[in-house]
Amino acid sequence: MEESQLIISLQNGDETAFATLVKSHRQMVFNTALGMIQNHEEAEDVAQDVFIQVYESISGFKGEAKLSTWMYRITITKCLDRIRRSNTKKRFAVVQSFFSKSSLQTNEPVNFYHPGVQLDRKEESAILFKAIAQLPDNQKIAFTLHKVEGLNYQHIAEVMQTSVAAVESYMHRAKQNLRKQLTAFYENNNYEYETI
């Protein structure tokens, strides 16, 4: 089914079309969420939230961007909202810990593994994803979409609603920041450092 026909069917409330959309875009949405959030269960929750929003909002979709571009935007927005909520909870937990005898527990993705990473690179990828999580939002989005999802700069610019030059700048700064973090990590742990 062509995208234009799929969109019309979705806007007419066709459940078969929605099932087709979920089947064809589920992995894309989940992988993007997983790359941003680095938690399998939360990425699944985000994916469900994305498809619920798509179902509820498709009637207002004007087709000014590709359907996948629109869905990337929704996914990223949902991820950023969840990350901000999580950071707020962590800050509250830190404050709470001063009034509690129990030790503070956090849900840091210490051993996070992305399914697209080869088995022999899992330890390196866990370190890399932890460093990616520390990047500013725009750098994190650009880097994840380019390196994890394989989008080119033009497509990333459309998703982020910015220019290709801005994406190039985000990528340049993301690489610089990651090199600083990873170089320090590898030097402190006597590992060999491989450039990004």
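Residues numbered from 1 in each chain as written. Predicted model: local features only at pLDDT ≥ 70, side-chain atom pairs only at ≥ 80, totals over all residues. Heavy atoms only, no water.

## So, the overall build of the protein
A count of helices and strands for the protein gives eight helices and zero strands. What you see in the protein, going N to C, is helices and strands ordered as α-α-α-α-α-α-α-α. By the burial criterion, 38% of the 196 residues in the protein qualify as buried. For the protein, the computed accessible surface area is about 11900 Å², with 48% contributed by carbon and sulfur atoms. (Helix = DSSP H or I, 4+ residues; strand = E, 2+ residues; numbered from the N terminus. Buried < 20%, exposed > 50% of the residue type's maximum accessible area, 1.4 Å probe, protein only. Areas by Shrake-Rupley, 256 points an atom, 1.4 Å probe, with all protein chains shown as cover.)

## Digging into the environment of Ala 43
Tracing the chain through its elements places Ala 43 in helix H3 (residues 40-57). Separated by twelve residues in the primary sequence, Ala 43 and Asn 31 place their C-alpha atoms 7.9 Å from one another.

## Looking at the environment of Asp 137
Within the secondary structure, Asp 137 sits in helix H6 (residues 137-148). What makes Asp 137 partly exposed here is its relative accessible area of 28%. Counting along the chain gives 54 residues from Asp 137 to Ile 83, while the straight-line C-alpha distance between them is 10.0 Å. When residues no more than four places from it in sequence are discounted, the contact partners of Asp 137 are Leu 80 and Arg 84. (Contact = heavy atoms within 4.5 Å.)

## Observations concerning the packing of helix H2 (residues 15-37) against H3
Following both chains from N to C, one finds H2 and H3 inclined at 135 degrees, their axes separated by 8 Å at the closest point. Here H3 runs oblique to H2, going by the angle between their axes. The interaxial crossing formed by H2 with H3 has right-handed handedness. Judged by residue contacts, Phe 18, Leu 21, Val 22, His 25, Arg 26, Val 29, Phe 30, Ala 33, Leu 34 and Ile 37 of H2 engage His 40, Glu 42, Ala 43, Glu 44, Val 46, Ala 47, Val 50, Phe 51, Val 54 and Tyr 55 from H3. A per-class count over the contact of H2 with H3 returns 15 nonpolar, two polar and three charged. (Axes fitted to C-alpha atoms, helices over the stretch in contact; angles between N-to-C directions. Parallel < 35°, antiparallel > 145°, perpendicular 65-115°, else oblique. Left-handed = near helix turned anticlockwise from the far one by under 90°. Nonpolar A, V, L, I, M, F, W, Y, C, P; charged D, E, K, R; others polar.)

## What about the pattern of salt bridges?
Counted according to the given criterion, the structure contains five salt bridges. With a closest N to O distance of 3.8 Å, Arg 82 and Asp 45 form a salt bridge. Placement of the pair is Arg 82 in helix H4 (residues 67-97) and Asp 45 in helix H3, with a sequence separation of 37 residues. You can call Asp 45 partly exposed: its relative accessible area is 35%. A salt bridge links Arg 84 to Asp 137; the shortest N-O distance between them is 3.1 Å. Taken together, the residues span a long stretch of sequence, with Arg 84 in helix H4 and Asp 137 in helix H6 at a distance of 53 residues. Accessibility expressed as a relative area gives 43% for Arg 84, which makes it partly exposed. The network of salt bridges with shared partners includes Asp 45, Asp 49 and Arg 82. (Salt bridge = Lys/Arg side-chain N within 4 Å of Asp/Glu carboxyl O.)

## Observations regarding the packing of aromatic side chains
On inspection of all chains with the given rule, the structure shows three aromatic pairs. Between Phe 18 and Phe 51, the aromatic rings sit 6.5 Å apart at their centres with planes inclined by 85 degrees, giving edge-to-face as the arrangement. A residue pair is termed long-range when its members are at least 10 positions apart, and Phe 18 in helix H2 and Phe 51 in helix H3 qualify at 33 residues. Given a relative accessible area of 7%, Phe 51 falls into the buried group. (Phe/Tyr/Trp six-rings, centres within 6.5 Å; stacked < 30°, edge-to-face > 60°.)

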